[in-house]
Amino acid sequence: MKQRLVVIGAGMASGRMLEHLFEADPGAFEVTLFGAEPRGNYNRIMLSPVLSGEKTYDEIVTHDADWYRDNNVNCRFGETVTAIDRKRKVVISKDGETAYDKLLIATGSAPFIIPVAGKELPGVMAFRDLDDVNNMVAAAGKPGAKAVVIGGGLLGLEAAAALRLRGMEVVVLHLMGHLMERQLDPAAGYLLQRELESRGIKVHCKAQTKAILGNDRVEAVALDDGTVYPADIVVMAVGIRPETRIATDSGLHVERGIIVSDQMVTSDPDVLAIGECVEHENVVYGLVAPLYDMAKVAARTLLKQDAAFRPVQTATQLKVTGVSVYSAGDFADAEDREEIVLRDASAGVYKRLVLKDDRLIGAVLYGETGDGSWFFDLMKRGAEISEMRDTLIFGQAYQGGAQLDPMAAVAALPDDAEICGCNGVCKSTITGAIVGKGLTSLDDVRAHTKASASCGSCTGLVEKLLASTLGDAYNPAAIQPICPCTDLGHDEVRRLIVAKGLKSIPAVMQELEWKTSCGCAKCRPALNYYLLSTWPGEYEDDNQSRFINERVHANIQKDGTYSVVPRMWGGITNPRELRAIADVADKFAIPTIKVTGGQRIDLLGVKKEDLPAVWADLNAAGMVSGAAYAKGLRTVKTCVGSDWCRFGTQDSTGLGVRIEKFMWGSWTPAKVKMAVSGCPRNCAEATCKDVGVICVDSGYEIHFAGAAGLDIKGTEVLCHAKTEDEALEIIVALTQLYREQGRYLERIYKWAKRVGSDSIKANIVEDLEKRRYYFERFVYSQKFAQVDPWEERVNGKDAHEFAAMAEFGFPQAAE
Amino acid sequence: MSNWIAIGSINDIPRRGARCVKSPIGTIAVFRTAEDEIYAIEDRCPHKGGPLSQGIVHGAQVTCPLHNWVFSLETGEAQGADEGRVRTVALRLDGETILMDADLVMAIAAE
Ligand code: SRM
Ligand SMILES: Cc1cc2nc3c(=O)[nH]c(=O)nc-3n(C[C@H](O)[C@H](O)[C@H](O)COP(=O)(O)OP(=O)(O)OC[C@H]3O[C@@H](n4cnc5c(N)ncnc54)[C@H](O)[C@@H]3O)c2cc1C
Ligand code: SF4
Ligand code: FES
């Protein structure tokens, strides 16, 4: 008698298994196939093109009615198996019991629905089967319909792109900082986001869904940050979990998935399992390639032939027409690995290869994925790549035969290859000018051909052309790169941030072709400052790119404790503040209280976990952070001035307080210290500060560019102001000019030396319109800056910074 | 045999950031990289004891906040010209839960 095989789940894995089985031995089993969906096996992967309308359902059916009939499969579609009774060897469904000799479980996965209020409203759907697709297509039929897709991974983005093609207004909500974070680094994620946005899809990262709103069907999605997106449908594509319920209930060994052996046998020798519902050697798979291997093994096991499933590397691809993303292997970075990164921003190409021991172990390709399978093959074979390392990233075409180095690759470009896209300059125009006009530098080429003179993204290519045309005669002007992560200097990076409208660190790293995927402790703080000062109100500060002092708003000390310096405006304090400082020092046993060189009080040796509580008490007495840690405005020292001093000519204390209150909170390239002295005796030491004011009978002498730290240098006089208002406007405008031109960590005196005092005076003193312009820009940026960081943290911001994650002691000895 | 104890969720640590775990050998710094790898090292710089948990994290490395030595999170070795190493502690991820090899910590404590 024929053995009875019952299969639960008519999905991709079981369909493939049945093919192998019938091919090898058509008569071995009498097969009953249960499927919860009211249809047979189809190519689930291709649901995305069906959703977008690029394919029809009929085109993706893998096994039709004829096939089941020819193979004598007893089809029970639309019938869910609700239980397995392993003792009696039957499965139970609504039509009763079905007996088996061998059972195959291939129930796949269930979409994960995030547990938010409103998740059960009509209009909320997953993206897993044809019914979901049909529901989405129906919703898209309504003119002006809006879709919110929750999840910016492969599945969510395929859904979003497809719904957009159907004419819907689409918003993608993604919990993480960038799209497809499991496959892409932030830079490539940014490229992808930009591409999707150019198709009219709105992308909202770091979006924490709070609730789905609606009365009898979905109307909108509300986020934690207060944003509300109207929606006719909400598609949840946040993840999947193995569908193991009936296996668990029947007492099979189930962990994350159903545990199987290399032979695909579960803890019951008569029950096999394959597909997304299984767990093999701690791994649960979510892509078809390994599932197909499982299908082959299961068929052989059923036929009592030897076979063993071995874990496989997987490669993924985003199937959105016109966008190519490919990733394979292991592309996390770690110490023993090296990366090769290629960024060609103008072409929208990003490639990253991860090497270990001269072997390729991971690859991420964006924009140009043609070599994906070649890389994958190298990876799977574990091929030694040291021979072709230099050209590996250019792909297969550059290998084999004569090897091309990157320089030769440029030299090998055809004469009519376009080098500069902005200005339409081709290779022969550039090489012709170099030879014909005797050009020797990048600037020469820019002046004569315009190549690389606009967005600058082809600079690297032009330099290689100079090098290959001139040979050793080419000596690139030595610009000091910010750090080893880039060849660009501070000024170029700043210029390009503005010119290209770059608004995030990943955007800068991608567009400016950074050589590392995550930067370093030198470039990240600099980029963070440039972005913050260029795009006030738009750029979101990246705390993790700040030095610890600025991250926790206190100065770290040699023993890991912190110091706390509250503001004392212009050096003025009062009994209430002093009492609060004394109380806080007692309460938190703060070991040292010191008067600083900046006319305020430093509380030294505060434990990190005490910081918020210390600040809360200081806040309660009206004190805010003195920013003693900041690349920003520190102190404005003053002397007693006309209020008390017999020589005082103006209210130096009042002006100092006014400047400090106007300018506190602003971030600057390096720290900024100011002082106001009431007369030329200069008791506030204004003539060695970044900006200083000497009050005189006729008004205010404004000084700048002094130094008294590593270097000592007296100030230069900028100009004379008649009124306090004028003095304030000049000082603010000067600071803003410095904020926009200064290199990160460059104090005012160094900046002034570099750009020249004349150019500063031309902007701030001679041209009143420009002075006003810089003043206004400073005022605008202050709208977002004057928030006391201590108060924010007292109210719970960044709480993780101040508390240990866990604590454990020695284990208790067993009695 | 390892004794894995749960110390929290990966979501408790910001990307490119760190959190501290107090243990019998002192504070242990637990890092999460931009790519969601997790590492644990002793929170004490071999140079002058700087708290490495407070440094800037880049790739699988951290820069000490006191004098800018750079350490590999994976091996604990100082990078570049600086010489020294910091002890690493094994971690494992179970779903989102981070597990620390407590036996290893105890073994270090017993040294
Ligand atoms: C507390 C204080 C010394 C004191 O006890 O008086 C001090 C303490 C520190 N100074 Fe200072 N400086 C202090 C006044 C000064 C002054 C005098 C002044 O401001 O009138 C100078 C000379 C003027 C100047 O700024 O150039 C000064 C020149 C420096 C320098 C050299 C800067 C330079 O480019 O030349 C550094 C190093 C740096 O910034 O890279 C520095 C750095 C430091 C740091 C932040 C070291 C560090 O990075 O951890 C110290 C932090 C201790 C802490 O936790 O509070 N400190 N430091 C003074 C705080 C003033 C305040 O109320 O904010
Ligand atoms: C839109 C989309 C795009 C995808 N794109 C790709 C891609 O590009 N590349 C890739 O490799 N993978 C892709 N995948 C993943 C791939 O489709 C799955 O890995 C694969 O379908 C899993 O096969 P399976 O047989 O394990 O499960 P499924 O194909 O899900 O089949 C399981 C079947 O079992 C049924 N079932 C469950 N429980 C019961 C029960 N108790 N009784 C009866 N029937 C039951 C289910 O209804 C389902 O029909 C994509 C998935 C989706 C949804
Ligand atoms: S001079 Fe400034 S930096 Fe040097 S030890 Fe004193 S406080 Fe620290
Ligand atoms: S203590 Fe870490 S570098 Fe000095």
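Residues numbered from 1 in each chain as written. Chains lettered and ligands numbered in written order. Predicted model: local features only at pLDDT ≥ 70, side-chain atom pairs only at ≥ 80, totals over all residues. Heavy atoms only, no water.

Attention now goes to the overall build of chain B. Scanning chain B from terminus to terminus reveals 1 helix and 10 strands. Listing every helix and strand of chain B by position from the N terminus yields β-β-β-β-β-β-β-β-β-β-α. Across the 111 residues of chain B, 58% fall into the buried class. The contacts of chain B with a sequence gap of at least 6 include a subset with a gap of at least 24, amounting to 39%. (Helix = DSSP H or I, 4+ residues; strand = E, 2+ residues; numbered from the N terminus. Buried < 20%, exposed > 50% of the residue type's maximum accessible area, 1.4 Å probe, protein only. Contact = heavy atoms within 4.5 Å.)

All names here are of chain A. Tracing the backbone shows glycine 648 in the loop between β32 (633-638) and α21 (652-663). Given the relative accessible area of 22%, glycine 648 is considered partly exposed. Leave out the neighbours within four places in its chain, and glycine 648 touches Gly641, Ser642 and Gly678.

A few words now on the site of ligand 1. All names here are of chain A. Near ligand 1 you find 18 residues, and of these Gln557, Ser563, Thr596, Gly597 and Lys671 are the closest. At 2.8 Å from an oxygen atom of ligand 1 is found a side-chain nitrogen or oxygen belonging to lysine 594. One nitrogen or oxygen atom from the side chain of lysine 689 is found 3.3 Å from an oxygen atom belonging to ligand 1. Residue composition of the shell around ligand 1, grouped by class: 2 nonpolar, 8 polar and 8 charged. Taken domain by domain, the makeup of the shell around ligand 1 includes at least three residues from each of domain 4 (548-620) and domain 5 (633-814). (Near = heavy atom within 4 Å. Polar contact = N/O pair within 3.5 Å; in protein donor to acceptor, adjacent residues only side chain to side chain. Nonpolar A, V, L, I, M, F, W, Y, C, P; charged D, E, K, R; others polar. Domains from an automatic or database assignment.)

Residues and elements named next belong to chain A. Ranked by internal contacts, the top residues of the largest apolar core, which has 54 residues, are Val493, Val508, Trp514, Val564 and Leu618. Secondary structure elements with two or more residues in this core: α15 (490-499), α16 (505-511), α17 (523-534), α18 (548-552), β29 (562-564), α19 (575-587), β31 (601-606) and α20 (611-620). Among the elements that take part in this core, α17 stands out by supplying 7 residues, more than any other. Summarising the domain contributions, this core has at least three residues from each of domain 4 (548-620) and domain 5 (633-814). Membership of the second largest hydrophobic core comes to 50 residues, among which are Phe34, Ile105, Val271 and Tyr285. (Core = buried A, V, L, I, M, F, W, Y, C linked by side-chain atoms within 4.5 Å.)

Once that is clear, we can look at the side chain of Asp101(B). Residues and elements named next belong to chain B. Topologically, aspartate 101 is positioned in strand β10 (residues 97-101). Separated by 3.2 Å, the side chain of aspartate 101 and the backbone nitrogen of aspartate 103 make a polar contact. With residues near it in sequence (within four places) discarded, aspartate 101 still touches Ser2, Asn3, Trp4, Val89 and Ala90.

Further remarks concern the interface of chain B and chain A. Taken together, the contacts link 44 residues of chain B with 42 residues of chain A. With both chains or domains summed, chain B and chain A bury close to 3300 Å², and 59% of this area falls on carbon and sulfur atoms. When the buried surface of chain B facing chain A is broken down by residue, Arg16(B), Gln54(B) and Ile56(B) rank first, second and third, together holding 20% of it. Seen at the junction of chain B and chain A, the total is 3 salt bridges. In this structure, Lys22(B) engages Glu609(A) in a salt bridge whose closest nitrogen and oxygen atoms are separated by 3.9 Å. At the surface where chain B touches chain A, the tally comes to 15 residue pairs in polar contact (both at pLDDT 80 or more). Those elements that provide at least two residues to the side of chain B that touches chain A are β1 (4-9), β2 (17-23), β5 (56-58), β6 (61-63), β10 and α1 (102-110) of chain B. Looking at the side of chain B that touches chain A element by element, the count peaks at 6 residues for β2(B). For the side of chain B that touches chain A, the class distribution of residues is 22 nonpolar, 13 polar and 9 charged. Across 2 bridges, strand β39 (residues 806-807) of chain A lies against β2(B) in parallel orientation. Note that in β2(B) the partner of Glu807(A) across the bridge is Lys22(B). (Buried area = accessible area lost by both parts, 1.4 Å probe. Salt bridge = Lys/Arg side-chain N within 4 Å of Asp/Glu carboxyl O. Pairing = 2+ DSSP bridges.)

All names here are of chain A. A positive phi is found at lysine 206, a non-glycine position, where the angle reads about 50°. Unlike most non-glycine residues, aspartate 798 shows phi in positive territory, near 50°. Position of aspartate 798 relative to the elements: it lies in the loop between α26 (789-794) and β39.

Moving on: the packing of helix α22 (residues 724-741) of chain A against helix α25 (residues 768-785) of chain A. All names here are of chain A. Orientation of α22 relative to α25, taken along the N-to-C sense of each, is 75°, at an axis distance of 8 Å. Put simply, α22 runs roughly perpendicular to α25. Across the interface between the two elements, Glu726, Glu729, Ile730, Val732, Ala733, Thr735, Gln736, Leu737, Arg739 and Glu740 of α22 pack against Arg771, Arg772, Tyr774, Phe775, Arg777, Phe778 and Ser781 of α25. Classifying every residue of the contact of α22 with α25 gives 7 nonpolar, 3 polar and 7 charged. (Axes fitted to C-alpha atoms, helices over the stretch in contact; angles between N-to-C directions. Parallel < 35°, antiparallel > 145°, perpendicular 65-115°, else oblique.)

Here the focus is the confidence of the model for chain B. Predicted coordinates in areas of low pLDDT are best not read in detail. Of all residues in chain B, 99% have pLDDT values of 70 or greater, and the mean over the chain is 91. Reported for the predicted complex are a pTM of 0.61 and an ipTM of 0.72. (pLDDT = per-residue confidence, 0-100.)

Attention now moves to the pattern of salt bridges. Residue and element names in this part refer to chain A. The final tally for this structure, using the stated rule, is 58 salt bridges over all chains. Arginine 754 serves as the salt-bridge partner of aspartate 491, at 3.5 Å between the closest nitrogen and oxygen. Here aspartate 491 is found in helix α15, whereas its partner arginine 754 is found in helix α23 (residues 748-755), with 263 residues between them in sequence. The class for aspartate 491 is partly exposed, based on a relative accessible area of 32%. Note that glutamate 792 and arginine 793 form a salt bridge whose closest N and O atoms lie 3.5 Å from each other. Residue arginine 793 is classed as buried on the basis of its relative accessible area, which comes to 5%.

Together, Asp357(A), Asp358(A), Glu384(A) and Glu387(A) give the surface a local cluster of negative charge. Tracing the sequence through the fold places Asp358(A) in the loop between β24 (349-356) and β25 (359-366). (Patch = residues over 30% accessible without salt bridge, like charges linked within 9 Å, V, L, I, M, F, W, Y side chains within 5 Å. Areas by Shrake-Rupley, 256 points an atom, 1.4 Å probe, with all protein chains shown as cover. Lys, Arg positive; Asp, Glu negative; His and termini not counted. Charge placed at Lys NZ, Arg CZ, Asp CG, Glu CD.)

Two numbers describe a pair of aromatic rings. These are the distance of the centres and the angle of the planes. All names here are of chain A. Within the structure shown, the criterion is met by 15 aromatic pairs over all chains. Relative to tryptophan 67, the ring of phenylalanine 22 has its centre 5.7 Å away and its plane inclined at 55°; by these criteria the two rings are tilted. Of this pair, phenylalanine 22 sits in helix α1 (residues 12-24) while tryptophan 67 sits in helix α4 (residues 65-70), and the two are 45 residues apart along the sequence. Ring geometry for tyrosine 285 versus phenylalanine 309: centroids 5.9 Å apart, planes at 85°, classification edge-to-face. (Phe/Tyr/Trp six-rings, centres within 6.5 Å; stacked < 30°, edge-to-face > 60°.)

Residues and elements named next belong to chain A. Relative to the helices and strands, glycine 714 resides in the loop between β37 (712-713) and β38 (716-721). For the pair glycine 714 and threonine 687, spaced 27 residues apart in sequence, the C-alpha separation works out to 5.7 Å. Residues within four places of glycine 714 in sequence aside, it is in contact with Thr687, Ala705 and Gly706.

Turning next to the site of ligand 2. Residue and element names in this part refer to chain A. Taken together, 31 residues are adjacent to ligand 2, and Glu37, Arg128, Glu276, Val288 and Lys319 come closest. A distance of 2.9 Å is found between an oxygen atom of ligand 2 and a side-chain nitrogen or oxygen belonging to arginine 44. Within the side chain of arginine 128, a nitrogen or oxygen atom sits 2.6 Å from an oxygen atom of ligand 2. When the free accessible area of ligand 2 is taken as 990 Å², the share hidden by the protein chains comes to 90%.

Another aspect to go through is the sheet that holds β10(B). Residue and element names in this part refer to chain B. As summarised here, the arrangement of the 3 strands in space is β1-β10-β9, forming an open sheet in which the pairing is antiparallel. Because the sheet does not close on itself, it has two edges, and the strands there are β1 and β9 (91-94). The sheet shows a mean angle of 35° between the axes of neighbouring strands, taken without regard to direction. The sheet strands contacting α1 are β1 and β10, and the helix crosses β10 at an angle near 35°.

All right, on to the packing of α23(A) against helix α24 (residues 757-766) of chain A then. Residues and elements named next belong to chain A. Two numbers describe how α23 lies on α24: the axes approach to 6 Å, and their chain directions differ by 95°. Taken together, α23 and α24 sit at an angle that is classed as roughly perpendicular. Seen from α23, the contacting residues are Trp751, Ala752 and Val755; seen from α24, they are Ser757, Ser759 and Ile760.

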